[in-house]
Amino acid sequence: ERIAGDDGKFWKITTLGQISDGGYMLEVPKRHISCIGAMEEQEINLLAMAENKMRLVLSQEYKTRHVAFFEHGIVGQTVKHAHLHFIPEKLSITGRIKKDFPDSEIVTISYWHKLREMYGERQEPYLLWRDADLETLVCWNPPAPPQYLRIVVAETLGRPERANWRNMDPELDKRLWSETVTRLKPYFT
């Protein structure tokens, strides 16, 4: 009931624990894989197209030019399957991540294949995010706790009580993700 779309290779799923007031989505590959960096080349090509469409849909439906995304990249995953989080919000979280992990290398990537290439060489856990300045960044091997990026995003948006999806008010959450499915399903069918 949380699936808003299925393009054959990826599910478009509303998240449990809507940090935003709707529109918080996951792009989830159907093939089991641990993180986006471990995808095969063809999957990365398809992800690039899916990411562009998701950003376009969210910005159009939620009337914002800012759509952030992030991935835990095996660091603190509660679901052991690759999934890319999208949220129709302007997020400036790079400073916080640099402060929290001063000894971790942070690099900018300009395309998905670079993440795949770097992960293939390093085979290290990572955090991935797109910040308000529209840069996509990767923090390599940070000692992050579970759900770190959800916590940072929730705090940045002034909704720390929504950081842990297991503790969110279930009635509010169901209302928000149900509305999100209703609004977004027409774009993905």
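These numbers were taken from a predicted model, which means no experiment stands behind them.

Undergrad: Sorry if this is basic, but what is going on with the overall build of the protein here?
TA: A tally of regular secondary structure across the protein gives five helices and eight strands. For the protein, the α and β elements follow one another from N to C terminus as β-β-β-α-β-β-α-β-α-β-β-α-α. Over its C-alpha atoms the protein spans a radius of gyration of 15 Å, differing by no more than 12% from the 16 Å that the globule rule assigns to 189 residues. Taken over the C-alpha atoms alone, the protein extends approximately 40 × 35 × 30 Å along its principal axes. Across the 189 residues in the protein, those meeting the buried criterion constitute 52%. Contacts in the protein between residues far apart in sequence, at least 24 positions, make up 65% of those at least 6 positions apart.

Undergrad: Would you mind showing me how to read helix α4 (residues 148-156) here?
TA: In an α-helix there are 3.6 residues to a turn, and that puts residues three or four apart on one side. Tyr 148, Leu 149, Arg 150, Val 152, Val 153 and Ala 154 are the residues of α4 that are buried. Buried-residue contacts for α4 involve β4 (68-71), β5 (84-87), α2 (94-100) and β7 (126-130). One or two positions beyond α4, positive phi appears at Gly 158, with a value near 75 degrees.

Undergrad: Sorry if this is basic, but what is going on with the pattern of salt bridges here?
TA: Once the charged atoms of two side chains with opposite charge are near each other, the side chains can pair. According to the stated counting rule, one finds 16 salt bridges in the structure shown. One salt bridge in this structure joins Arg 122 and Glu 105, with 2.8 Å as the shortest N-O distance. Of this pair, Arg 122 sits in helix α3 (residues 112-122) while Glu 105 sits in the loop between α2 and β6 (106-109); the two residues are 17 residues apart in sequence, bridging distant segments of the chain. By relative accessible area, Glu 105 is classed as partly exposed at 39%. The salt bridge involving Arg 122 is made with Glu 124; its shortest N-O contact spans 3.1 Å. One continuous salt-bridge network, built from bridges that share partners, spans Asp 7, Lys 12 and Glu 27.

Undergrad: Help me out: how do you make sense of the nonpolar core in this one?
TA: General note: in soluble globular proteins, nonpolar side chains tend to be found buried as a group. Grouped together as the largest cluster of nonpolar side chains are 31 residues, with contacts concentrated most on Ile 36, Trp 112, Leu 115, Tyr 126 and Leu 128. Here Leu 115 is in contact with Ile 36, Gly 37, Ile 109, Tyr 126, Leu 128, Val 138 and Trp 140, once residues within four sequence places are set aside. Counting 22 residues, the second largest nonpolar core, distinct from the first, contains Phe 70, Leu 149, Val 152 and Ala 154.

Undergrad: Would you mind showing me how to read the packing of helix α1 (residues 41-61) against α3 here?
TA: How two helices sit against one another is set out by the angle between their axes and by the gap between those axes. Running from N to C, α1 and α3 cross one another at 145 degrees; their axes reach a closest spacing of 9 Å. Of the two elements, α1 crosses α3, and the hand of that crossing is right-handed. Of the residues in α3, those in contact with Glu 41, Ile 44, Asn 45, Leu 47, Ala 48 and Glu 51 of α1 are Trp 112, His 113 and Arg 116. Tallied by class, residues from the contact of α1 with α3 come to four nonpolar, two polar and three charged.

Undergrad: What's the story with the sheet that holds strand β3 (residues 25-29) in this structure? I'm lost.
TA: Within a sheet, adjacent strands bond to each other through the backbone by hydrogen bonds, running parallel or antiparallel. A sheet is described by the order of its strands in space; here eight strands give the open sequence β1-β2-β3-β5-β4-β7-β8-β6, paired in antiparallel fashion. The open sheet has two free edges, formed respectively by β1 (3-6) and β6, since each of these has just one partner strand. Put simply, the sheet's adjacent strands are angled 20 degrees from each other on average, direction ignored. Packed onto the sheet, α3 meets β4, β5, β6, β7 and β8 (136-140) and runs at close to 10 degrees relative to β8.

Undergrad: It is not clear to me how the pairing of β1 should be interpreted in this structure. Could you clarify?
TA: Examined bridge by bridge, β1 and strand β2 (residues 10-14) share three bridges and lie antiparallel to one another. Its bridge partner lying in β2, Gly 5 is registered against Lys 12.

Undergrad: When you look at α3 in this model, what are you seeing that I'm missing?
TA: Among the residues of α3, Trp 112, Leu 115, Met 118 and Tyr 119 are the ones counted as buried. Viewed along the axis of α3, the buried residues span an arc of 125 degrees, placing them on a single side of the element. Where the residues of α3 are buried, they touch α1, β4, β5, β6, β7 and β8. Positive phi shows up at Gln 123, right after α3, with a value of about 50 degrees.

Criteria and thresholds
Residues numbered from 1 in each chain as written. Predicted model: local features only at pLDDT ≥ 70, side-chain atom pairs only at ≥ 80, totals over all residues. Heavy atoms only, no water. Helix = DSSP H or I, 4+ residues; strand = E, 2+ residues; numbered from the N terminus. Rg over C-alpha atoms; globule rule 2.2 N^0.38 Å. Buried < 20%, exposed > 50% of the residue type's maximum accessible area, 1.4 Å probe, protein only. Contact = heavy atoms within 4.5 Å. Salt bridge = Lys/Arg side-chain N within 4 Å of Asp/Glu carboxyl O. Core = buried A, V, L, I, M, F, W, Y, C linked by side-chain atoms within 4.5 Å. Axes fitted to C-alpha atoms, helices over the stretch in contact; angles between N-to-C directions. Left-handed = near helix turned anticlockwise from the far one by under 90°. Nonpolar A, V, L, I, M, F, W, Y, C, P; charged D, E, K, R; others polar. Pairing = 2+ DSSP bridges. Arc of directions from axis to C-beta.

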